[in-house]
Amino acid sequence: MTRQYDSQPTPRMPPIWGKKIPGRNRHFTGREILLEELRKSLTSASATAVVPLPQALQGLGGVGKTQLAIEYAWRYRDHYDLVWWVPADQPMLVPSALAALTDELKLPSVGSTGIEEAAGSVREALQRGDPIERWLLIFDNADEPEDSKDFIPHGGPGHVLITSRNSRWSGVANTVSVDVFSTAESVAFLRRRLERDIPQQEAEHMANALGDLPLALEQAAALQTMTGMTTDEYVEQLDQQARELLGMGKATEYPHPMTAAWQLSVHEVENALPEAAEVLRCLAFFGPDPIPRVIFRRGNKSGVRRVGPILANPLVLNQALAMLSRFALVKIEQEAGTVQVHRLVQALLRDSLNMGERTDYRHEVHRLLASGAPTDPENIANWSEFANLLPHVRPSGLIECDDDVVQRFAVDIVRYLNGAANYSSAKTFAEELLANWTRVPGPPSRNLLRLRRQLGSLLWRTGDYEQSRGLNEETLTLMREELGPEDEETLRMSLMYAANLRAQGRFHDALVQDTASLDAHEKVRGPFHPATLRVINNLALDRVLLTQYDAALELQKLAFLEQSSAREGVSKMEVQLAWNGLARVVRMRGDYEMACDVGEEAYAHGIRELQIEHPLTLMTARDLSIALRRRGDLEGALVLIQDTHARLEKLLGPNDPETLASMVALSNILRHTGQREDAMTLAQAALPRYRHTLGEHHPFTYGCVINLALLYRLRGDAQRAKELDEQAYHGLLDVVGPEHGYTSTSAFNLASDLAALGEPFAARDRGQQTLEQLRAAYGSDHALTLSAAVNLSIDLRACNQVEEGQELYDITMAQYERFRPNHPERLHAARGERFNVDFEPFSL
């Protein structure tokens, strides 16, 4: 697709102009040839059949790559209908920056699709030129091509600009080298920046002294403007500063003119307002990303020594930042509420300090980050603030800090990443913290124990159950010794340990552990404290895993009612867990209509509050798809579980427990829709993964064996099905006992295997025993009990017990009358066909 740009520029703004596009630099000078070549390269590539390449502005720090991109956007803005700025120095934030275009491009919102998918849809829409052909994307400071290239549109009618110090973009984009100014450009810049007609020789003298480096020229001109210093005076001081630098052998990785110019500016700031220089040195130990100024407002009570008095006086702080801005040492964005220092200036500042000073300033930044953070990292409303602090955590060296307040903040960063489902980053950060904090021998601190609990939780969430169990057992023992059995952290750790027991398949032991936890919580916190409600929710899950659905329902209703109506202390994630837990229990009790109703509300809550790609939302979607299948909506169930499985596989990987559970659900619905070979492929892939993740003898592993056996029987291999069902049946007898619903499920299908093998009497006997167990466990009118009765009536007739079989069938059909007339199970029973039962795993 080609398009013609308007040859008559008009002074208009594009209909879509990104909010992150920096303001136009009124001092921008020169670069005319570069701008013209850049424009020609972009437009000539787009006007041919050749797929246009992105244009990468590449050069050293301080040469003005970003300023060139800003000028291009402003100068040629009337040739575009959409101009969008993507800060690319934080790779994990690139998708969200692109996804913010969904509304403008009339695409499904982030809330309904997830960030990754929304970013992909934006890229694809731009590549198509639909609905906008004339677009410009600018990826600023994209250091590593691998981090951003998947989000860059390739082809299509629009243009892409990239700024980077990395020369490796040549394999992805057409690289445009950006060098220092020419002498003529330097002279023109100085005249414009100084706002006077500086003599040619004088300007050339200063430009030569500064190596024509744009950032150095900007700082020199700002200093002259602020101080009235003459060019000769400036160059003399610059030469003296440079000689001292050379004599010390310092700043070898930076241009000497830049270093000298920067030091002169700092010296002048120091003389004019020492507080401003103090603030600047502090800013050097943050990351190069924008720093939220709220940190400094909250930091007045952080206890920092060097900048503390400045932060305590907002007028002095404002004066300091204003002066730094006028000297071009910082960039202030009023609308965003941020201050930013060029990474080159930060590096020069850090290098100018001795080791003791660096240590002091670095620690002050640690304290400022800690005091600037919200108090609750599990509150979704606070996540954006934590996201703004995150880019400064590693650059500041916070990971090595042993301050109690700072370490508490570090644990909160782990909690934020965990809550936001960024499990990989959370786990890596927690492991690095643990390695640093345990270098010094001695009893574990409270923060170290909190960190161990978070890491144990992350290991569990990512399916590393054995390592999680080992760490959590040790942590629980340490907490009981160091903090006491009734401490808040110890009580929360006891809940995590119960989850470890569930992952081992020790469902009854988990129930015992959670029951003891409930007693302790009620004693310490009271019956309706948010922490107590967490235990009740877990107890409901324990009862579900023991197939005690009536007891589970009462507990789950209580947990959901109290958590969903709580005004404080309960997170959106906890409400989501309780809501979906309620829908699941209702489904397992056989009320598929109500399960769908409750599940759809829970799913909508997840999309609204957590977004569609949060693991808890996807867990809810998986359970909802099962309820839809049970209700008979096979098409809706298939669409939902296919989408859910694809998202989980992309977000968490193919071997994550949540992904595996969705794989099993997908296999089951494929079987129902007649795609048995596809279902078999998934079932065969799921079984070894469950064996690896949960172990050979976990009930869920045996459940996967049951599903595989069913598919073999439907394929015509009843003998193989019987072998597998017998394996599952005897294994479940050992691990959960004869009364458990999973054991009855394996026996249910085993009877069908025997019938298929021509052993009606054995099938009848097995069916009679199973029906009795199901009646005792679930009651006579449960859906599973009724399906077992239909199967037994078929086997009775096959054994010539026609009257008895017909009587059982008639009684069963009468019980089915409470189901709606078109209920799939009622219709199936009316046809007199044999039922099959499958297994559906869920979150532990």
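In this text the structure is predicted, and so the values were computed from the model without any measurement. Each chain carries its own residue numbering, running from 1 in the direction its sequence is written. Local features in this predicted model are restricted to residues whose pLDDT is 70 or higher, and side-chain atom pairs enter the listing and the counts only when it is 80 or higher, whereas totals over whole chains, interfaces and linings include all residues. With hydrogens and water set aside, each side-chain value is computed from the structure's full complement of heavy atoms.

Talk me through the overall build of the chain; I want residue IDs and the actual numbers.
Helical segments are the DSSP runs of H or I of at least four residues, strand segments are the runs of E of at least two, and each set is numbered from the N terminus. Looking only at helices and strands, one finds 39 helices and nine strands in the chain. Along the three orthogonal principal directions, the C-alpha set of the chain runs to about 115 × 70 × 40 Å. Per-residue accessibility, obtained with a 1.4 Å probe over protein chains only, is compared with the maximum for each type, and a residue is labelled buried under 20%, exposed over 50%, and partly exposed between these values. Per-residue burial over the chain gives 58% buried out of 844 residues. Only heavy atoms matter for contacts: two residues are in contact if any of them lie within 4.5 Å across the pair. Nonlocal contacts in the chain, meaning residues at least 24 apart in sequence, comprise 69% of its contacts between residues at least 6 apart. For the chain, the computed accessible surface area is about 34,600 Å², with 49% contributed by carbon and sulfur atoms. Counting rule applied: Lys, Arg positive; Asp, Glu negative; His and chain ends not counted. By convention, charge coordinates are those of NZ in Lys, CZ in Arg, CG in Asp, or CD in Glu. Here the chain holds 88 positive side-chain charges and 114 negative ones, and the gap between their average locations is 2 Å. Each accessible area is a Shrake-Rupley result for a 1.4 Å probe, and residues are judged covered by the shown protein chains and nothing else.

Any chance you could break down the packing of aromatic side chains for me, citing the residues and the numbers?
A pair of aromatic rings is counted whenever rings of Phe, Tyr or Trp (Trp by its six-membered ring) have centres within 6.5 Å, and the orientation is called stacked for planes under 30 degrees apart, edge-to-face for over 60 and tilted otherwise. Applying the stated criterion across every chain, the model contains 17 aromatic pairs. Ring geometry for W383 and Y416: centres 6.3 Å apart, planes at 70°, overall edge-to-face. Of the two residues, W383 sits in helix 18 (residues 383–389) while Y416 sits in helix 19 (residues 404–419), which places them 33 residues apart along the sequence. Classification of W383 by relative accessible area gives buried; the value is 13%.

Which residues make up the pattern of salt bridges, and what are the values?
Between Lys or Arg on one side and Asp or Glu on the other, a salt bridge is scored when a side-chain nitrogen of the former is within 4 Å of a carboxyl oxygen of the latter. Enumeration according to the criterion identifies 60 salt bridges in this entry. One salt bridge connects D514 with R502, and the closest N-O pair in it is separated by 3.1 Å. Of this pair, D514 sits in helix 24 (residues 507–524) while R502 sits in helix 23 (residues 488–503), and the two are twelve residues apart along the sequence. The residues D514 and R502 share a single accessibility class, namely buried. Notably, a salt bridge pairs R506 with D509, separated by 3.0 Å at the nearest N-O pair. Counted as one network, the salt bridges with shared partners bring together E270, E278, R281, R305, R306 and D360.

So, helix 2 (residues 65–75): which residues are in play, and what are the values?
With eight of eleven residues buried, helix 2 lies mostly within the body of the structure. Taken together, the buried positions of helix 2 are K65, L68, A69, I70, E71, Y72, A73 and W74.

Help me get a handle on the nonpolar core, residues and values and all.
Among buried residues, those of type Ala, Val, Leu, Ile, Met, Phe, Trp, Tyr and Cys that are joined through side-chain atoms within 4.5 Å constitute a nonpolar core. If you look at the biggest cluster of nonpolar residues, it comprises 122 residues, and the most contacted ones within it are Y234, L283, F286, F296 and F409. At eight residues, the largest contribution of residues to this core is made by helix 19. Apart from the residues within four sequence positions on either side, F409 is in contact with L369, A370, A373, F386, L389, V393 and L398. Counting 108 residues, the second-largest nonpolar core is a separate cluster that includes L449, A510, L511 and I641.

Break down the sheet that holds strand 8 (residues 331–333) for me, citing the residues and quoting the values.
Overall, antiparallel pairing links the three strands, which are arranged 7-9-8 in an open sheet. Only two strands of the sheet have a single neighbouring strand rather than two, namely strand 7 (291–292) and strand 8. The pairing of strand 7 with strand 9 (residues 338–340) spans two bridges and is antiparallel. Paired with P292 across the bridge in strand 9 is T338. Should DSSP find at least two bridges between two strands, the strands are regarded as paired.

An account of the environment of R589 is requested, with residue identities and associated values reported.
By the secondary structure assignment, R589 is in the loop between helix 27 (572–588) and helix 28 (592–609). In this structure, the C-alpha to C-alpha distance between R589 and R191, residues 398 residues apart in sequence, is 81 Å. Leave out the neighbours within four places in its chain, and R589 touches Y549, D550, L553 and H782. A 3.5 Å cut-off defines polar contacts: any pair of N or O atoms within that distance qualifies, except that in protein one atom must be a possible hydrogen donor and the other a possible acceptor, and neighbouring residues in sequence count only when both atoms are side-chain atoms. At 2.9 Å, the side chain of R589 forms a polar contact with the side chain of D550.

With reference to specific residues and values, describe the side chain of D289.
With respect to the helices, strands and loops of the structure, D289 is situated in the loop between helix 12 (274–283) and strand 7. Apart from the residues within four sequence positions on either side, D289 is in contact with D89, Q90, V339, Q340, P391 and H392.

Got a sec to walk through empty space enclosed by the protein? Specific residues and values, please.
For cavity detection a 1 Å grid was placed over the protein atoms alone, and a set of points counts as a cavity when a 1.4 Å probe fits there but cannot get out; an open set counts as a pocket when protein lies on both sides within 12 Å along at least five of seven lines, with lining residues being those that have an atom within 4 Å of a point. Grid points are joined across faces, edges and corners, and a volume is the space filled by probe spheres set on the points. The full count for this structure, using the stated rule, is seven cavities of 30 Å³ or more. Taken as a whole, the largest cavity holds about 1,200 Å³ of empty space. Lining the largest cavity are 46 residues, with S457, W460, R461, N538 and L577 positioned closest to its centre. In terms of residues, the lining of the largest cavity owes the most to one element, helix 27, which gives six residues. Residues are sorted three ways: Asp, Glu, Lys and Arg are charged, Ala, Val, Leu, Ile, Met, Phe, Trp, Tyr, Cys and Pro are nonpolar, and all the rest, Gly among them, are polar. Here the lining of the largest cavity is composed, by residue class, of 21 nonpolar, 13 polar and twelve charged.

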